[in-house]
Amino acid sequence: MKKVFSRPKLLKPNPFHYCPGCGHSLLHRVVAEVIEEMEADEIAIGIPPAGCAVLAYNYFDVDMGEAAHGRGAALATGVKRVLPDHLVFTYQGDGDIAAIGTAETVHAANRGEKITCIFVNNAVYGMTGGQMAPTTILGQPTTTSPGGRTGNRDGFPLNLSEMLAVTRGSAYIERTSVTTPAGIRATKKAVRKAFEIQLQGLGFTLVEVLSPCPTNLKMSPADACKWVDTEMVNFFPLGVIKDITAPQENHDAH
Amino acid sequence: MKRDEKPSLMRGSHIVAEAAVRAGCRYYFGYPITPQNELPEYMSRRLPEVGGTFVQAESEIASINMVIGASMAGARVMTSSSSPGISLKQEGISYLGGLELPAVIVNMMRGGPGLGNIAPSQSDYFQATRGGGHGDYRTIVLAPASGQELCDLTYRAFDLADHYRNPVLILADGMMGQMMEPVRFPVLRDVQKLPKKPWTITGAKGRKSHFIRSLILDPGQMEEHNWKLIRKYEQITDQEVQYETFKTEDAKLVIVAFGTAARIAKAAVKRARAEGLPVGLLRPITLWPYPKKALRELSKHAKHFFVFELNAGQMVEDVQLALKGDADVFFYGRPGGVVPNPAEIARIISRQFFQKEIV
Amino acid sequence: MLIKTVFAGFGGQGVLSMGYVLAYAAMIEGLQVTYLPSYGAEVRGGTANCTVAVSNEEIASPIASTPDNVVVMNNPSLEKFQHQILTGGVMFLNSNLVEQRPVRGDIIVREIPCNDLAHTLGSDQSANMVMLGGFIQQTSLVRLESIQSAISDVFKEKKKAKEMNLKALNVGYDYMKNREENA
Ligand SMILES: Cc1ncc(C[n+]2csc(CCOP(=O)(O)OP(=O)(O)O)c2C)c(N)n1
Ligand code: SF4
């Protein structure tokens, strides 16, 4: 575990602006470590979102190009089509990827764009102050779903990853969390696998990472993690959702 | 510039597409909309022949964002659409402005507002010249009036875009997109020999990592960025204004028209001249930057300006702003996709001379 | 000189290629020319038309609100264009397919049995080029040789079609020429 908390070479020495206990900080480390371990820093191009991670280019020491809210997958498509041998990844929150950017994401997956989306699902709109997200779970109160989300009034939590798995162009989709050391290890493995599959040119890849937002959940970091592990996972079960490289019987199990 | 020996007879949308390829454009992202579908269709066949890539996106929003990505990666890239689709692209055009990215965008305007129709129109003048999207930015706007000009301005648009790191909009209309005229293309450009772009994101190999962003949270820095953009726009205004004048030397009345309307206006000027009326034409080729100085210069001897547009009166405001009340400005427009004939415009000219006792 | 011609008919009758070949021939002769096809909603319902403007000066508008010539290949096109044609203009009718005749007395009408003539060549699809041959003979808008070069260029990849179109062109041309001489 020690390694997770030492600063990877591919993170610039700027202090994180994220709140204490925020999943973004952990995930930045994970992604930077994977790029470093794959020695892919010279071919990596990251696409940060509009969202709490909007300043990701201040941290990742690889080439980065900012996208408008939700358009990461389209922008990454443009980059990857010009630079097909590069490692192109987007880094997007749930509002970014699963609300305003749903169309761009579904169609990038369906075209089988050889990109990787790192999808940070924290069940709220962090940056704009805790409004309801497409992934806000039923019963969860937010500033725009007072009293807790109800399906009738607010619509239901959206399982984007499962939707994307249905597209013919997606190659690998997994849901992990960064709430425990084991979850962080699994996340790292998943990101690495997604990157490798991308570089093999097999199709669209995505890792959805359940991530605590203590600030907007109005909980301590520990409680926020616990909430993700006990409540959120009921709507967003962890595990591999699609993997075209897996042996057939494993694939059928999902 | 070396050109093909033989002319080609092609429709406007194909001319723009081929001219883009000749200029080194290798990436096209778009979404179908009439009356410019022939442009993406052509690109889907043509780009693979020159090692390029065509992607039909799921929407105009997606396609302009793909353009942003390809531009960040250093490519010459284009998208095209018609009015409703250009509205959707505005988000991305504003980002192109803020991110200082080169790209060429084509609008084959149709009648509006709303879904409107597919007839030729010039009703997106405000949208094109005022930015269209949010924020303090400018788009270079080129308004071709013939097949040859569709070719030459498209070709030039890529150089302008790269030179200024700014989006360039080709503002034509449904008729120009459909109409065929003979055109002589510049020969295919060697993309390897295009000027290098040191600012792109192509992987941090042998250099420090780059980032390209438009988010600047600190107001002081944001202001600095804005001033930098403004200085760039001033430079463009100084150096890139383009227009054509026709029989303006002794004109007492000057018609101001662009694109399709200017073709009709020119024929009307010839008719009016045949009647002995001292009338001329000023045709802005760049709509932004606008040929304000040229107008002021003309107003020294012409005290009457007749603005003719295929809309309900948009460019007329730029003429009024340029003339600052020093001359009489009269407007006649046909919105909704109606294209009047030269005789109609010639009649209005003679009526102006008579009613206003212009001698 | 500015002469505008509308070619109109069913989608499959080759009206657009008639116009294109004429425009191409005008380009070969170094004339100013525009070609404007009907597009979008206008072509729904299976009818198609195009306008070719030929001039020795810059052409203002490729649209013809009052065309000098109209080539009519089917009934609906007669309906649509007989009231637009210029006084003294020439209407070319494919007499095999157009049953009605124009009500206007101020225009010149030329009838060509395009389908019959094409049929004698064993190529029903060449009715359009038969018409174009007759059209050129009457209007002298461009030289016959220019049209022939245009056909050779436009159909250079389709040898058979090229040969047949050239034949059909001559058949139409000769038909009108003979009629003129016998009149
Ligand atoms: C077109 C547009 N609409 C709205 C916004 C405001 N906005 C910025 S980030 C965001 C949502 C952020 O939520 P999420 O994507 O879940 O990321 P998080 O901040 O939680 O990491 C919104 C609505 C914007 N930047 N652009
Ligand atoms: S608001 Fe939430 S997601 Fe944003 S930095 Fe704070 S904890 Fe992280």
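Residues numbered from 1 in each chain as written. Chains lettered and ligands numbered in written order. Predicted model: local features only at pLDDT ≥ 70, side-chain atom pairs only at ≥ 80, totals over all residues. Heavy atoms only, no water.

What to know about the interface of chain B and chain A
It is common to give the size of an interface as the accessible area lost on bringing the parts into contact. With 37 residues of chain B at the interface, the matching set in chain A holds 32 residues. Across the chain B to chain A interface the summed buried area is about 2,600 Å²; carbon plus sulfur atoms make up 61%. Between the two partners, chain B and chain A, sit three salt bridges. Across the chain B-chain A interface, the total number found is 15 residue pairs in polar contact (both at pLDDT 80 or more). The element that contributes the greatest number of residues to the side of chain B that touches chain A is helix 3 (residues 60-72) of chain B, accounting for eight residues. Along the lines of polarity and charge, the residues of the side of chain B that touches chain A split into 20 nonpolar, 11 polar and six charged. In the sheet, strand 2 (residues 63-65) of chain A pairs with strand 9 (residues 211-212) of chain B via two bridges, with the strands oriented parallel. Within strand 9 of chain B, the position partnered with A:Met64 by the bridge is B:Phe211. (Contact = heavy atoms within 4.5 Å. Buried area = accessible area lost by both parts, 1.4 Å probe. Salt bridge = Lys/Arg side-chain N within 4 Å of Asp/Glu carboxyl O. Polar contact = N/O pair within 3.5 Å; in protein donor to acceptor, adjacent residues only side chain to side chain. Helix = DSSP H or I, 4+ residues; strand = E, 2+ residues; numbered from the N terminus. Nonpolar A, V, L, I, M, F, W, Y, C, P; charged D, E, K, R; others polar. Pairing = 2+ DSSP bridges.)

Notes on the sheet that holds strand 2 of chain A
Pairing is mixed in the open sheet, where eight strands are placed in the order 9(A)-7(A)-8(A)-4(A)-3(A)-1(A)-2(A)-9(B). Taken across any chain shown, the strands that pair with only one partner, and hence form the sheet edges, are strand 9 (239-243) of chain A together with strand 9 of chain B. Relative to strand 2 of chain A, strand 1 (residues 44-47) of chain A is paired through two bridges, and the arrangement is parallel. Opposite A:Gly46, over in strand 2 of chain A, you have A:Met64 as the bridge partner. Most of the contacts of helix 3 (residues 72-82) of chain A go to strand 3 (residues 87-93) of chain A, to which it runs at about 170°, and overall it touches strand 1, strand 2 and strand 3 of chain A. (Axes fitted to C-alpha atoms, helices over the stretch in contact; angles between N-to-C directions.)

Some words on the layout of surface pockets
By volume, the largest pocket is sized at about 1,000 Å³. Around the largest pocket, the lining comprises 41 residues; the ones closest to its centre are C:Lys4, C:Ser61, C:Ile63, C:Ala64 and C:Ser65. Looking at the lining of the largest pocket, the elements with two or more residues in it are helix 9 (259-274) and helix 12 (342-355) of chain B together with strand 1 (2-10), strand 2 (32-37), strand 3 (47-55) and helix 2 (75-81) of chain C. Per element, the largest residue contribution to the lining of the largest pocket is four residues, and it comes from strand 3 of chain C. Counted by class, the lining of the largest pocket contains 22 nonpolar, 10 polar and nine charged residues. Two domains each put at least three residues into the lining of the largest pocket: domain 1 (8-239) and domain 2 (245-355) of chain B. Lining the second largest pocket are 19 residues, with B:Ala73, B:Gly74, B:Ala75, B:Val191 and B:Lys196 sitting closest to its centre. Partitioning the lining of the second largest pocket into residue classes produces eight nonpolar, six polar and five charged. (1 Å grid on protein atoms, 1.4 Å probe; cavity = no way out; pocket = protein on both sides within 12 Å on 5 of 7 lines; lining within 4 Å. Points joined across faces, edges and corners; volume = space filled by probe spheres on them. Domains from an automatic or database assignment.)

A short note on the interface of chain C and chain B
Taken together, the 21 residues of chain C in the interface contact 25 residues of chain B. Taken together, both faces of the contact between chain C and chain B bury some 1,800 Å²; the carbon and sulfur share is 65%. The tally of links from chain C across to chain B stands at three salt bridges. Of the charged contacts in the structure, one is a salt bridge between B:Lys266 and C:Glu58, with a shortest N-O distance of 3.0 Å. Inspection of the chain C/chain B interface yields six residue pairs in polar contact (both at pLDDT 80 or more). Elements with a minimum of two residues in the side of chain C that touches chain B: helix 1 (15-28) and strand 2 of chain C. For the side of chain C that touches chain B, the element with the highest residue contribution is strand 2 of chain C, accounting for five residues.

Overview of the environment of A:Ala44
Residue placement: A:Ala44 occurs in strand 1. Sequence spacing of A:Ala44 and A:Ile115 is 71 residues, and the spatial spacing of their C-alpha atoms is 11 Å. Not counting chain neighbours up to four residues away, the residues in contact with A:Ala44 comprise A:Ile35, A:Val62, A:Asp63, A:Leu87 and B:Gly203.

Re the packing of helix 1 of chain C against helix 5 (residues 144-154) of chain C
Each packed pair of helices is defined by two parameters, the angle between the axes and the distance between the axes. All names here are of chain C. Between helix 1 and helix 5, the shortest axis-to-axis distance is 8 Å and the interhelical angle comes to 115°. Judged by the angle between their axes, helix 1 and helix 5 are roughly perpendicular. Read as a crossing pair, helix 1 and helix 5 show a hand that is right-handed. Residues Tyr20, Val21, Leu22, Tyr24, Ala25 and Ile28 of helix 1 form the contact with helix 5, whose participating residues are Ser146, Ile147, Ser149, Ala150, Ile151, Asp153 and Val154. Looking at the contact of helix 1 with helix 5 residue by residue, the classes come out as 10 nonpolar, two polar and one charged. (Parallel < 35°, antiparallel > 145°, perpendicular 65-115°, else oblique. Left-handed = near helix turned anticlockwise from the far one by under 90°.)

Considering the site of ligand 2
In the vicinity of ligand 2, the contacting residues are A:Tyr18, A:Cys19, A:Cys22, A:His24, A:Cys52, A:Asn122, A:Cys213, A:Pro214, A:Thr215 and A:Asn216. Partitioning the shell around ligand 2 into residue classes produces six nonpolar, four polar and no charged. (Near = heavy atom within 4 Å.)

Concerning the pattern of salt bridges
For side chains of opposite charge, pairing can occur when their charged atoms come near one another. For the structure on display, the rule yields 45 salt bridges over all chains. A salt bridge links B:Arg189 to B:Asp159; the nearest nitrogen and oxygen atoms lie 3.1 Å apart. Of this pair, B:Arg189 sits in the loop between strand 8 (180-183) and strand 9 while B:Asp159 sits in helix 6 (residues 147-164), and the two are 30 residues apart along the sequence. Using a relative accessible area of 25% as the deciding quantity, one classes B:Arg189 as partly exposed. A relative accessible area of 25% places B:Asp159 in the partly exposed class. A salt bridge links C:Glu57 to B:Lys270, with the shortest nitrogen-to-oxygen separation between them at 3.5 Å. Here B:Lys270 lies in helix 9 and C:Glu57 lies in the loop between strand 3 and strand 4 (69-72), a pairing that spans two chains. (Buried < 20%, exposed > 50% of the residue type's maximum accessible area, 1.4 Å probe, protein only.)

Looking at empty space enclosed by the protein
All names here are of chain B. For the structure shown, the criterion picks out two cavities of 30 Å³ or more. Reported here for the largest cavity is a volume of approximately 60 Å³. Every residue lining the largest cavity is listed: Ile86, Gln90, Ile93, Gln127, Ala128, Gly131, Thr139 and Leu169. Among the elements that make up the lining of the largest cavity, the one with the highest residue count is helix 4 (residues 83-99) (three residues). A breakdown of the residues in the lining of the largest cavity according to their chemical character gives four nonpolar, four polar and no charged. Put simply, the second largest cavity is a space of about 30 Å³. What lines the second largest cavity is Ala75, Arg76, Val77, Pro102, Ala103, Phe158, Ala161, Asp162 and Lys197. For the lining of the second largest cavity, the element with the highest residue contribution is helix 6, accounting for three residues. Of the residues that constitute the lining of the second largest cavity, the class distribution is six nonpolar, no polar and three charged.

Remarks on the packing of aromatic side chains
Summed over all chains, the structure comprises 16 aromatic pairs over all chains. Taking 6.0 Å as the distance between ring centres and 70° as the angle between the ring planes, the aromatic pair formed by A:Phe60 and A:Phe89 counts as edge-to-face. Here A:Phe60, found in the loop between strand 1 and strand 2, pairs with A:Phe89, found in strand 3; they are 29 residues apart in sequence, far enough to count as distant. Connected via pairs of aromatic rings, a cluster forms that spans A:Phe60, A:Phe89, A:Tyr91 and A:Phe195. Positioned above the aromatic ring of B:Phe246, the side-chain terminus of B:Lys266 is 5.0 Å from the ring centre. (Phe/Tyr/Trp six-rings, centres within 6.5 Å; stacked < 30°, edge-to-face > 60°. Lys NZ or Arg CZ within 6 Å of the ring centre and 35° of its normal.)

Here's the deal with the pairing of strand 4 (residues 77-81) of chain B
Regular strands show a simple pattern: their side chains alternate between the two faces of the sheet. Residue and element names in this part refer to chain B. Within strand 4, five of the five residues are buried, which leaves it mostly tucked inside the rest of the structure. Here strand 4 shows a buried face lined by Val77, Thr79 and Ser81 and a second buried face lined by Met78 and Ser80. Relative to strand 5 (residues 103-109), strand 4 is paired through four bridges, and the arrangement is parallel. Across the sheet, residue Ser81 finds its bridge partner in strand 5, namely Asn107. The parallel pair strand 4 and strand 5 is bridged by helix 4, and the resulting crossover is right-handed. (Right-handed = clockwise from strand over helix to strand, strands pointing away.)

Concerning the packing of helix 3 of chain B against helix 4 of chain B
Residues and elements named next belong to chain B. It is the contact of helix 3 with helix 4, at a shortest axis distance of 7 Å, that shows an interaxial angle of 25°. In terms of axis orientation, helix 3 runs roughly parallel to helix 4. Here helix 3 and helix 4 pass one another in a crossing that is right-handed. From helix 3, Glu60, Ile61, Ser63, Ile64, Asn65, Ile68 and Met72 reach across to helix 4, where they touch Gly85, Leu88, Lys89, Glu91, Gly92, Ile93, Tyr95, Leu96 and Leu99. Taken together, the residues of the contact of helix 3 with helix 4 break down into nine nonpolar, four polar and three charged.

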